[in-house]
Amino acid sequence: MSEPMENSSNLTNNNNCCEFVCNECYSNVMCGSFGEMYYRLLNSDEEENLVFNISDNKNICITVDSILHAWHYSYKSFLESIEVDILYPTCKHFFHHLYEYKNNLCSDMFHNQPEIIQQGLIDIDLYLSITYSLITNKLYLPYFHSNEHDCKYFLQLIYKRCFSGSDTNTSCCLFKMFGDKRFIEFSQYRPNWSYVREYMNSYFKLINFCATTYLDLKNKRHIIMILLFWLLIYFGEIDFKTCNIDNNLRDNPIFEEYFKINKCLSLMVGEDDSLNLIQFNEFLKEYFNLSNEIELFKVIFKLLFNNFDENTFENLQNKMIEKKLGLQRIATPLLHDLNKDIMTIEENVEENEYLCFLIGKKFTIDGFIFNQMTFDRIMDIEMNKKIYRVLPTSLDLGYTLFNNTKISYDLLKQTDPLFECLKTFLENLKLQIDDVKKVIKKNSIYQYWLDTIISLSNCLN
């Protein structure tokens, strides 16, 4: 709580005006929520045991900054409740069972299979050994000995180098996984201050691994992994040697947990901008013209393990591409439009990416803007060279997203030495973001939070 302010005609005509700084009041009064704090401020009396006293002839000035601060904390508490109470225990149970199911699958089905199927089992063994080790903060060895080195080495890199700072030599590297060389940025695994509990630190690493580890639908090896994931999630409890399916799909707790995880993340952040296993299941039913998952299981199991046919598999893959499964319908058009006039790091965005994530890839507008305004994603057209801009700033968001165009423009011009190169790209990005905001479904906590900040930011213009 601040001291009473001097009389100011710009604020109020009342001679007695008190300003209360939101976070200090919140900690001092020990209210259960910011809403409760505001209510008690407005209805306080002498009998209430507060650390401050307000007489009846004084007004309360609640600033926009106070409301914004309260909204940030409320948003954080929403997400924290969902993650701590629902997502963490569900993810731990889900990946524990997947780890056991894939061991059974590898033990039962590896021998006498084509090389591509054996490689798929090896790949899914590595993936699920890493995920279960991350969520438990303990090494769980893969079923196949050939995966032990990669599993141990990757986990060592995550735990040792994600706290190494911003030095490029230690904070990122190329790591070969599932046949691809992948750029691993270890700072993405460094939890922020919201994840102070050790078990939530482990949850944070797991979610980031799942959100950044893609499977490419143009890669046959990756499609095998997707099909194996589908088998484990929908029918992991069965004995794969006998394939005796007596249970109804509704009795499958693993599928229910997978559905709950995706539903919670969609509620928190928004809809998926990539392919997930629920969408993949709908595609399979449509492609094979089957409405019953048990009948679908028999078809997929036969395709993989009993009679692998290259032509049938290629037809399935081609249909996925034709249906544009995994095409990021929000991010991909944005990159195409940005690339028309100004070059970005995706200098030839001609070949679309058709990606699947075990936990669907989310699109966030502020994250996309930050991603486009950093490193070497901007081109100085006159000098015909890339601009190496290490860190984006909140002014980038102010200009492109929060409608603070004039203020952000002036501040960027005064503070950013690369402004002359940035301004055309910023303007182009702003136009694309304005179009995207019209089509994104506003049915997530993130969107409500973002819309509120945009509304509060309008008063600065």
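As the structure is a computational prediction, the values presented were derived from the model and not from experiment. (Residues numbered from 1 in each chain as written. Predicted model: local features only at pLDDT ≥ 70, side-chain atom pairs only at ≥ 80, totals over all residues. Heavy atoms only, no water.)

Engineer: Break down the packing of aromatic side chains for me, with residues and values.
Structural biologist: Counted according to the given criterion, the structure contains 31 aromatic pairs. On the numbers, 5.0 Å between centres and 80° between planes, the contact of F94 with F95 is edge-to-face. Assessed through its relative accessible area of 1%, F94 is described here as buried. Using a relative accessible area of 0% as the deciding quantity, one classes F95 as buried. With a centroid separation of 5.9 Å and 40° between ring planes, the pair formed by Y446 and W449 is classed as tilted. With Y446 and W449 both in helix α18 (residues 445-457), this residue pair falls three residues apart, about one helical turn. (Phe/Tyr/Trp six-rings, centres within 6.5 Å; stacked < 30°, edge-to-face > 60°. Buried < 20%, exposed > 50% of the residue type's maximum accessible area, 1.4 Å probe, protein only. Helix = DSSP H or I, 4+ residues; strand = E, 2+ residues; numbered from the N terminus.)

Engineer: Residues and numbers for the pattern of salt bridges, please.
Structural biologist: Side-chain pairs of opposite charge can arise where the charged atoms are in close proximity. In this structure the tally under the stated criterion is 14 salt bridges. For E314, the salt bridge identified is with K220, shortest N-O distance 2.9 Å. Of this pair, E314 sits in helix α12 (residues 310-322) while K220 sits in helix α8 (residues 220-235), and the two are 94 residues apart along the sequence. Residue K220 is classed as partly exposed on the basis of its relative accessible area, which comes to 25%. (Salt bridge = Lys/Arg side-chain N within 4 Å of Asp/Glu carboxyl O.)

Engineer: Hey, could you go over the side chain of N147 for me, with residue numbers and the actual values?
Structural biologist: Relative to the elements of secondary structure, N147 occurs in the loop between α4 (115-136) and α5 (148-161). At 2.9 Å, the side chain of N147 and the side chain of D125 are in polar contact. Setting aside residues up to four positions removed in sequence, N147 forms contacts with I122, D125, L126 and P142. (Polar contact = N/O pair within 3.5 Å; in protein donor to acceptor, adjacent residues only side chain to side chain. Contact = heavy atoms within 4.5 Å.)

Engineer: Please provide a residue-by-residue account of helix α14 (residues 365-372), values included.
Structural biologist: Within the span of α14, buried status applies to I365, D366, F368, I369 and Q372. Along the axis of α14, the buried residues cluster in a sector spanning 160°; they form a single face. (Arc of directions from axis to C-beta.)

Engineer: Requested: an account of the nonpolar core, with residues and values cited.
Structural biologist: Grouped together as the largest cluster of nonpolar side chains are 124 residues, with contacts concentrated most on F95, Y203, W230, L277, F280, F305 and I365. Looking at which element gives the most residues to this core, the answer is helix α3 (residues 64-109), with 16 residues. The contact partners of Y203, leaving out residues within four places of it in the chain, are E83, L87, Y88, C91, I135, Y195 and L265. (Core = buried A, V, L, I, M, F, W, Y, C linked by side-chain atoms within 4.5 Å.)

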